[in-house]
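Residues per chain are reported as follows:
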Amino acid sequence: MAEIPASMLEIIDQFGPHLAYAQGAQLDTGVEPDKLVKTHCCFCGQQCGVQLKVKDNQVIGIEPWYEFPFNQGKLCPKGVKRYLQNGHPDRLLHAYQRDASAPGGFRQMGYEEAIGRVAAEIDRIQSQHGPDAFGLLTGASLTTEKTYFIGKFARMCLRTANIDYNGRLCMVSAAAGNKIAFGVDRSANPWSDIVGTDVVWISGSNVAECSPITTDYVWQAREHGAKIIVVDPRLTPIARTCDLFLPIKPGRDTALFNGILHLMIEHDWLDHEFIEQHTNGFAEVAAEVAAWTPKRTAEVTGIGEKAIHQAAEWWGTAQKSFLLHARGLEHHSHGVQNVLSAINIVLASGRIGKPNCGYGTITGQANGQGGREHGQKCDQLPGGRDISNPEHRAYVAGVWGMDVNDMPLAGVDAYEMIRKIDQGEIKGLLSICFNPLVSLPDNNFVRQALEKLEFYVAIDFFLSETARYADIVLPGSQQEEDEGTVTQVEGRIIRINKAVDCPGDARQDWIIFQDIARALKREKGFTFKNPGEIFDELRVASKGGIVDYSGVTYEKIEKQYGVFWPCPSEDHPGTPRLFEPDSWNPVAQGKGPFYFPDGKARFKVTPYVPPTEDVDAEYPLMLTTGRVVSQFLSGTQTRRIGPLVDHYPEPRLEMHPLMAERLGIADGKWVTVESRRGSATIRAQVVRTIRPDTVFMPYHWAGRKSANQLTIAAQDPISKIPEYKVCAVKVYKAATPPEYADKLESQQ
Ligand SMILES: Nc1nc2c(c(=O)[nH]1)N[C@H]1C(S)=C(S)[C@@H](COP(=O)(O)OP(=O)(O)OC[C@H]3O[C@@H](n4cnc5c(=O)[nH]c(N)nc54)[C@H](O)[C@@H]3O)O[C@H]1N2
Ligand SMILES: Nc1nc2c(c(=O)[nH]1)N[C@H]1C(S)=C(S)[C@@H](COP(=O)(O)OP(=O)(O)OC[C@H]3O[C@@H](n4cnc5c(=O)[nH]c(N)nc54)[C@H](O)[C@@H]3O)O[C@H]1N2
Ligand code: SF4
Ligand SMILES: [Mo]
């Protein structure tokens, strides 16, 4: 019999993370902490409440925080292990400069010297080539204070138009679709509305692996009798427990939603009163979907006609419903169309903005919501304002104390910035909280563009694969080393509390920017003493905008376990559910629930457009890419956390047994997956849970294991999101790569 391990930590390490979930994630490292700090997990947009155990300025473990209402103590494997990145041996403690002769290619340098060099290079590039020749790439794992601050830094200190962020790869199709249809970009309901609904429709979301706590809400709904419909090319863990699974061909969601609306109209499963009073554009959409018969829908989507009927009937006849979607719907060159087609069936049902009747896009990154609201997008100013709108510009310039004529206009999206680097238009780059070499599509192109930069400075706490191309690397802060706010999946603004100080020469990210502003002798507007001061300015800058934070205070957040925006005054409690008749809506002024002057939501005609690269004789399979539960994004963080690596150490190519048999491939054996842009040789994972015409590869790895060697840099014309979810590939048997040749077969 196995010996009983001494502590929970050992048990978890030995038996894997599910036990931790089952045990409520209680850890016992055997060491008494100095303090417990209530804060949130640093990883995904669920933003689970946790308590960090701190001893001697080090995070040594976690405890559940049962009172936080969203997750009530529950965590996923990443949350349980997130504490292991604090104090990690790879943590950057100093500034570094590239030096080919130094071991590892970098030489340590003094922090002040590094700041001086960065400022001198910004100055040189901007005076020689103009302000827009220096660009910034930022991230939505940063607190809202930082994202607001960096947006201001770009426009006011550097006066460059070229700033964009990694949410460009994530939430922008959802954001654009929501703005077009509702005039506002936020999940319409709190997640408590999922429990008690009759039908939960989930499109393109691997809920159990990527938004694990949402699983709990969906399952609670099921326990209350709800039917669960899942649309995905893969039978994901949530799909295995659903009532109806629609195994769609990648890139065909608009066709499916058009087909569902067709049946809703045919059977008169419509809320005529709602359509009449609260929407416009229905007649045009009805004309468009007339051609989307079940037969045609089935042909295009690869889903059986019977299942399409069943889904339409359950959705159409429900009294209460909730539609959720994530990147499977949105990561497409027609991602915005997909989102709008989903919204069409919600509007036709009239079930939105009411208890247990709702709609939401599942946020990805920790601050995927707050990070897209206050000005780090290339076309945006704080409060969700538009940088091209003269009134919006004038208001924000007034708050910042700058001449509006000095404020740059809109810049270009993150991938277009890479193209501009390639073309020599952008010559200098600062990146923070973004690992584009792993996360951007067609990354062989990204690599050769980065090599052309005259000067590149990266701010990170680990030396990411992209940071290896930097001239200077500055040691930034981990989430637990700073305070601020983030806005989680429901639109709830919550507090990140500081648990430990930055080690070595590392600095809180916003301090690094202030130091650069000082070295540039442009510190006006960049002399904040703490994140609270930044937040107070952000409140003013957002006031009167659609994304109004002006009534939010740190104290109110703590007292209420978060505040839902809009929150336009200090005596306002916040707005958990949007689109209720009495909910605060600055634009419609009582004319209707939606955020347009007439108060009405927009139906939009959504013609189906096939993916940019379809299969052919040479590349006969569809590749779709995404995530696994134990790894996070570009992997910089989770590939460094031992127990998570043990759980899923390297990418595998999921393929169906029928396809594997046809190609002569066995489970665990090596295959090459090749597109027109690149190839990767990895092991096959033969599973019955994927469509035979589709293969799946997770993207959390770099270099020769990177899925983004294969993906296509096609982008949605409106949102500019890349088409990560479908490109054409061929797959064939491969020899064991030399670096694995001496490993035992039993390890495979
Ligand atoms: N474990 C883990 N959790 C995460 C993250 C992580 O890296 N790891 N990242 C966070 C972030 S930033 C994000 S954006 C979210 C992403 O969360 P999700 O969007 O749920 O995750 P993905 O794996 O990108 O894709 C979701 C599903 O889309 C399916 N899919 C592929 N193509 C199509 C299609 O054409 N139509 C439909 N309907 N489905 C399709 C895939 O099979 C996959 O199961 O997760 C967040 N949570
Ligand atoms: N093929 C394929 N590619 C994809 C996707 C896909 O589904 N398929 N998904 C896309 C999506 S949805 C996303 S969101 C992107 C994500 O792609 P990226 O944003 O490039 O990935 P991250 O791993 O979040 O990179 C963030 C970097 O910032 C650092 N970091 C994290 N927090 C902080 C902080 O507070 N301060 C500082 N200074 N640094 C910090 C981390 O160490 C890491 O190096 O990837 C996209 N790429
Ligand atoms: S990764 Fe997401 S679901 Fe997992 S513990 Fe962290 S916030 Fe919660
Ligand atoms: Mo994302």
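These figures come from a predicted structure and were not determined experimentally. (Residues numbered from 1 in each chain as written. Chains lettered and ligands numbered in written order. Predicted model: local features only at pLDDT ≥ 70, side-chain atom pairs only at ≥ 80, totals over all residues. Heavy atoms only, no water.)

**Re the overall build of the protein chain**
Helix and strand content of the protein chain: 24 helices and 28 strands. In terms of overall size, the protein chain behaves like a compact globule, its C-alpha atoms giving a radius of gyration of 25 Å where 748 residues would be expected to give roughly 27 Å. Overall, the protein chain is about 70 × 70 × 55 Å in size when its C-alpha atoms are taken along their principal axes. By residue count, 65% of the 748 residues in the protein chain fall in the buried class. Look at the contacts in the protein chain between residues 6 or more apart in sequence, and 72% of them connect residues 24 or more apart. Carbon and sulfur atoms form 51% of the exposed surface of the protein chain, whose accessible area is close to 25,900 Å². Charged side chains in the protein chain number 79 positive and 91 negative. The centres of these two groups are separated by 2 Å. (Helix = DSSP H or I, 4+ residues; strand = E, 2+ residues; numbered from the N terminus. Rg over C-alpha atoms; globule rule 2.2 N^0.38 Å. Buried < 20%, exposed > 50% of the residue type's maximum accessible area, 1.4 Å probe, protein only. Contact = heavy atoms within 4.5 Å. Areas by Shrake-Rupley, 256 points an atom, 1.4 Å probe, with all protein chains shown as cover. Lys, Arg positive; Asp, Glu negative; His and termini not counted. Charge placed at Lys NZ, Arg CZ, Asp CG, Glu CD.)

**A word on the site of ligand 1**
Close to ligand 1 lie 33 residues, the nearest being Cys210, Asp232, Arg627, Gln631 and Leu633. A distance of 2.7 Å separates an oxygen atom of ligand 1 from a polar backbone atom of glycine 251. In this structure, valine 629 approaches ligand 1 through a main-chain N or O atom, which is 3.0 Å from a nitrogen atom. The set of elements that each furnish at least two residues to the shell around ligand 1 consists of helix H7 (207–210), helix H14 (327–330) and strand E23 (621–626). Within the shell around ligand 1, the residues separate by chemical class into 12 nonpolar, 13 polar and eight charged. Mapping the shell around ligand 1 onto the domain boundaries places at least three of its residues in each of domain 3 (172–361) and domain 4 (621–747). (Near = heavy atom within 4 Å. Polar contact = N/O pair within 3.5 Å; in protein donor to acceptor, adjacent residues only side chain to side chain. Nonpolar A, V, L, I, M, F, W, Y, C, P; charged D, E, K, R; others polar. Domains from an automatic or database assignment.)

**Thoughts on the packing of helix H9 (residues 253–266) against helix H11 (residues 282–289)**
In the contact formed by H9 and H11, the axes pass within 9 Å of each other and the chain directions differ by 105°. Viewed along their axes, H9 and H11 adopt a mutual orientation that is roughly perpendicular. Residues Asn258, Leu261, His262 and Ile265 of H9 pack against Phe282, Val285, Ala286 and Val289 of H11. Considered class by class, the residues forming the contact of H9 with H11 number six nonpolar, two polar and no charged. (Axes fitted to C-alpha atoms, helices over the stretch in contact; angles between N-to-C directions. Parallel < 35°, antiparallel > 145°, perpendicular 65-115°, else oblique.)

**Some remarks on the site of ligand 3**
Surrounding ligand 3, one finds Cys41, Phe43, Cys44, Gln46, Gln47, Cys48, Leu75, Cys76, Lys78, Gly79, Pro212 and Ile213. Residue assignment for the shell around ligand 3 shows that the elements contributing at least two residues are helix H3 (77–81) and helix H8 (212–223).

**Concerning H8**
Helix length check: H8 (12 residues) gives 17 Å between terminal C-alpha atoms against 16 Å at 1.5 Å per residue, within 8%. Looking only at H8, the buried set comprises Pro212, Ile213, Thr214, Thr215, Asp216, Tyr217, Val218 and Ala221. Trailing H8 by a residue or two, glycine 225 shows a phi angle of about 100°, which is positive. (Expected span 1.5 Å × (residues − 1).)

**Here we look at the nonpolar core**
Residues Phe182, Trp201, Leu246 and Leu474 are the most contacted members of the largest nonpolar core, which totals 110 residues. When residues in this core are grouped by element, the largest group, nine residues, is from helix H15 (residues 335–349). No fewer than three residues from each of domain 2 (95–166 + 368–530) and domain 3 (172–361) sit in this core. Phenylalanine 182 has contacts with Ile343, Leu347, Ile352, Tyr359, Phe579, Phe594, Tyr595, Phe596 and Ala601, leaving out every residue within four places of it along the chain. Ranked by size, the runner-up nonpolar core spans 39 residues in total, among them Val50, Trp191, Val486 and Ile494. (Core = buried A, V, L, I, M, F, W, Y, C linked by side-chain atoms within 4.5 Å.)

**Structural notes on the environment of tyrosine 217**
Within the secondary structure, tyrosine 217 is located in helix H8. In the structure, tyrosine 217 is positioned 147 residues away from phenylalanine 70 in sequence and 9.6 Å away in space, judged by C-alpha atoms. Beyond its immediate chain neighbours, meaning those up to four positions away, tyrosine 217 contacts Pro69, Phe70, Trp191, Ser192, Ile194 and Val195.

**With respect to the domain arrangement of the protein chain**
Interface extent is often summarised as the accessible area lost during association of the parts. Parsing the protein chain into structural domains produces domain 1 (33–86), domain 2 (95–166 + 368–530), domain 3 (172–361) and domain 4 (621–747). One C-alpha centre belongs to domain 1, the other to domain 2; they are set 27 Å apart. A combined buried area of about 1,500 Å² lies between domain 1 and domain 2, and 50% of that area is made up of carbon and sulfur atoms. Counting across the domain 1 and domain 2 interface gives one salt bridge. (Buried area = accessible area lost by both parts, 1.4 Å probe. Salt bridge = Lys/Arg side-chain N within 4 Å of Asp/Glu carboxyl O.)

**Focus: the confidence of the model for the protein chain**
Per-residue confidence for the protein chain gives a mean pLDDT of 94; residues scoring 70 or more make up 95%. Across residues 1–28, where pLDDT falls below 50, the model places 47 contacts with residues more than four positions away in sequence or in other chains. (pLDDT = per-residue confidence, 0-100.)

**Section: the pattern of salt bridges**
Evaluation of the coordinates by the stated rule reveals 43 salt bridges. Close ionic contact of arginine 522 with aspartate 123 constitutes a salt bridge, the shortest N to O distance being 3.7 Å. Of this pair, arginine 522 sits in the loop between helix H20 (509–519) and helix H21 (531–542) while aspartate 123 sits in helix H4 (residues 111–129); the two residues are 399 residues apart in sequence, bridging distant segments of the chain. On the accessibility criterion, arginine 522 (27% relative accessible area) is partly exposed. A salt bridge links glutamate 613 to arginine 677, with the nearest nitrogen and oxygen atoms 2.9 Å apart. Taken together, the positions of glutamate 613 in the loop between strand E22 (601–602) and E23 and arginine 677 in the loop between strand E25 (670–674) and strand E26 (679–686) put the pair 64 residues apart, joining distant regions of the chain. Look at glutamate 613 and you get buried, because its relative accessible area is 9%. Through salt bridges with shared partners, one network takes in Glu613, Asp616, Arg676 and Arg677.

**Some points on the packing of H9 against helix H13 (residues 305–317)**
In the contact formed by H9 and H13, the axes pass within 9 Å of each other and the chain directions differ by 60°. Read as a crossing pair, H9 and H13 show a hand that is right-handed. Two secondary-structure elements touch here, H9 through Leu256, Ile260, Leu263 and Met264 and H13 through Ile308, His309, Ala311, Ala312, Trp315 and Gly316. Broken down by class, the residue content of the contact of H9 with H13 amounts to eight nonpolar, two polar and no charged. (Left-handed = near helix turned anticlockwise from the far one by under 90°.)

**A closer look at the sheet that holds strand E2 (residues 49–55)**
One open sheet holds the three strands; their spatial order is E1-E2-E3, and the pairing between them is antiparallel. Each edge of the open sheet carries a strand with a single partner, namely strand E1 (35–40) and strand E3 (58–64). Sheet twist, expressed as the average angle between the axes of neighbouring strands with direction ignored, equals 35°. Where E1 and E2 come together, six bridges link them in antiparallel fashion. (Pairing = 2+ DSSP bridges.)

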